[in-house]
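Listed below are the residues making up each chain.
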Amino acid sequence: LPTQYCISVFHFSLSTHKQIKFIMSQAFTESVKTSLGPNATPRAKKLIASLVQHVHDFARENHLTTEDWLWGVDFINRIGQMSDSRRNEGILVCDIIGLETLVDALTNESEQSNHTSSAILGPFYLPDSPVYPNGGSIVQKAIPTDVKCFVRGKVTDTEGKPLGGAQLEVWQCNSAGFYSQQADHDGPEFNLRGTFITDDEGNYSFECLRPTLYPIPYDGPAGDLLKIMDRHPNRPSHIHWRVSHPGYHTLITQIYDAECPYTNNDSVYAVKDDIIVHFEKVDNKDKDLVGKVEYKLDYDISLATESSIQEARAAAKARQDAEIKL
Ligand code: BEZ
Ligand code: FE
């Protein structure tokens, strides 16, 4: 802390013993929480005060030693050192302690029910994927174990009104478990990614792969934490979506294969019941698909209005403000 804010903590003379008692007390925590300068924004003041309270409580409750704390500092430093434009170790660590799923729920809480549930973005989204016509394929390069699948459906509002002109971005890993930006993915930059626009009736369709389960990268701090927690790194088979339309809340989600053994045991806690789907085997009745793909999926998506999300946020804030006043 800059000296002008530290001095106030010890401005009266205390014996060393009393100073140590003071540091270990809530009074010290309060002095740190209230030490922010006049230019700190109200949001910064609120978040930093809350963070300091929780971090001090954590240290006191667990009687943290310098050795423990340095382990944590080294862990955070390694998260940064491991990250680059292809790898986001910070997101991975947040995911395995359930933080992205919690923040996702808080961000997407809505006053409307019956819209498609959101799920975490994860670290592998890339903007500006190629725009394909409906029915197009996101598979630019397949590997021998890839299994093709055709997905089609409608984007609507929560009353079932079709939303033409909605933008759908989809992305997935290959059957070896690697996304296009990962070093072990053998394929072009935007392989297994694409953008589609719904027609006037809200319809979309595309060819992709039946998704495959994969381990999240576990050769860094996230993997070390998984080991400490005695947990596996696997994510259930899934396809990612980002669906947007003016006036509606952008939906970031994933669909999960009901037959995958990890759908009820996700390493990052992101699965919700209404986004579990059943891929069906294509047969001779599917004249347009037979011989081209092995599986098909019909899947409709329903978007919440932006105003319903904003109302839910305002209600949550009002509840919080009322609690503070109590
Ligand atoms: C993903 O779904 O792509 C993902 C999510 C969390 C951690 C790693 C990967
Ligand atoms: Fe994924």
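Residues numbered from 1 in each chain as written. Chains lettered and ligands numbered in written order. Predicted model: local features only at pLDDT ≥ 70, side-chain atom pairs only at ≥ 80, totals over all residues. Heavy atoms only, no water.

Examining the packing of aromatic side chains
Stated precisely, the cut-off is as follows: Ring pairs shown here join Phe, Tyr and Trp side chains whose ring centres sit within 6.5 Å, with only the six-membered ring taken for Trp; geometry is labelled stacked below 30 degrees between planes, edge-to-face above 60, and tilted in between. Where helices and strands are cited, they refer to DSSP runs of H or I of at least four residues and of E of at least two residues respectively, numbered from the N terminus. Throughout, exposure labels follow a simple rule: accessible area from a 1.4 Å probe, protein chains only, divided by the maximum for the residue type, with under 20% read as buried, over 50% as exposed, and the rest as partly exposed. Only lysine NZ and arginine CZ atoms are considered, and such an atom sits over a ring when it is within 6 Å of the ring centre and within 35 degrees of the ring normal.
Within the structure shown, the criterion is met by 11 aromatic pairs. Both rings, one in F196 and one in F206, keep their centres 5.1 Å apart while their planes meet at 25°; by these two values the pair is stacked. Residue F196 is located in strand β3 (residues 193-197), and its partner F206 is located in strand β4 (residues 203-209); the two are separated by 10 residues in the primary sequence. Across the pair, F206 and F196 agree in class, each one buried. Ring pairs connect the aromatic residues Y132, F196, Y204, F206, W241 and Y299, which therefore count as one cluster. Above the plane of the ring of Y295 lies R210, whose end atom (NZ or CZ) is 4.4 Å from the centre.

Re the environment of P233
Relative to the helices and strands, P233 resides in the loop between α8 (221-229) and β6 (234-235). Using a relative accessible area of 17% as the deciding quantity, one classes P233 as buried. The sequence separation of P233 and Q172 amounts to 61 residues, and the corresponding C-alpha distance is 17 Å.

Considerations on the sheet that holds strand β7 (residues 238-244)
For clarity, the cut-off: Here a strand pair is declared whenever DSSP counts at least two bridges between the two strands.
If you trace the 5 strands from one edge of the open sheet to the other, you get β3-β2-β7-β8-β9, paired in mixed fashion. Of all strands in the sheet, those with a lone pairing partner are β3 and β9 (276-277), marking the two edges. Direction of pairing for strand β2 (residues 167-171) relative to β7: antiparallel, over a ladder of 5 bridges. Along β7, the bridge assignment pairs V170 with W241.

A word on the environment of S137
Let me state the cut-off plainly: Any two residues having at least one pair of non-hydrogen atoms within 4.5 Å are treated as being in contact. Under this definition, polar contacts are N or O atom pairs within 3.5 Å; protein pairs additionally need one hydrogen-donor-capable and one acceptor-capable atom, and for neighbouring residues in sequence, both atoms have to be side-chain atoms.
Inspection of the secondary structure puts S137 in the loop between α7 (99-108) and β1 (148-157). Separated by 72 residues in the primary sequence, S137 and L209 have C-alpha atoms spaced 9.4 Å apart. Apart from the residues lying within four places of it in its own chain, the contact partners of S137 are Y132 and E207. Among the polar contacts listed, one links the side chain of S137 to the backbone nitrogen of V139, at a separation of 3.1 Å. At 2.8 Å, the side chain of S137 forms a polar contact with the side chain of E207.

With respect to the pattern of salt bridges
For clarity, the cut-off: Take a side-chain nitrogen of Lys or Arg and a carboxyl oxygen of Asp or Glu: if they are within 4 Å of each other, that pair is a salt bridge.
Going through the model one piece at a time under the given rule, you end up with 20 salt bridges. In this structure, R152 and D288 form a salt bridge, with 3.6 Å as the shortest nitrogen-oxygen distance. Taken together, the residues R152 in strand β1 and D288 in the loop between β10 (280-281) and β11 (295-298) connect sequence positions 136 residues apart. We classify D288 as partly exposed; its relative accessible area is 45%. As a salt-bridge pair, R235 and D266 come within 2.7 Å of each other at their nearest N and O atoms. Of this pair, R235 sits in strand β6 while D266 is found in the loop between β8 (251-257) and β9, placing the two residues 31 residues apart along the sequence. Looking at D266, the relative accessible area reads 7%, which means it is buried. Sharing partners across several salt bridges, the network here consists of D74, R78 and D224.

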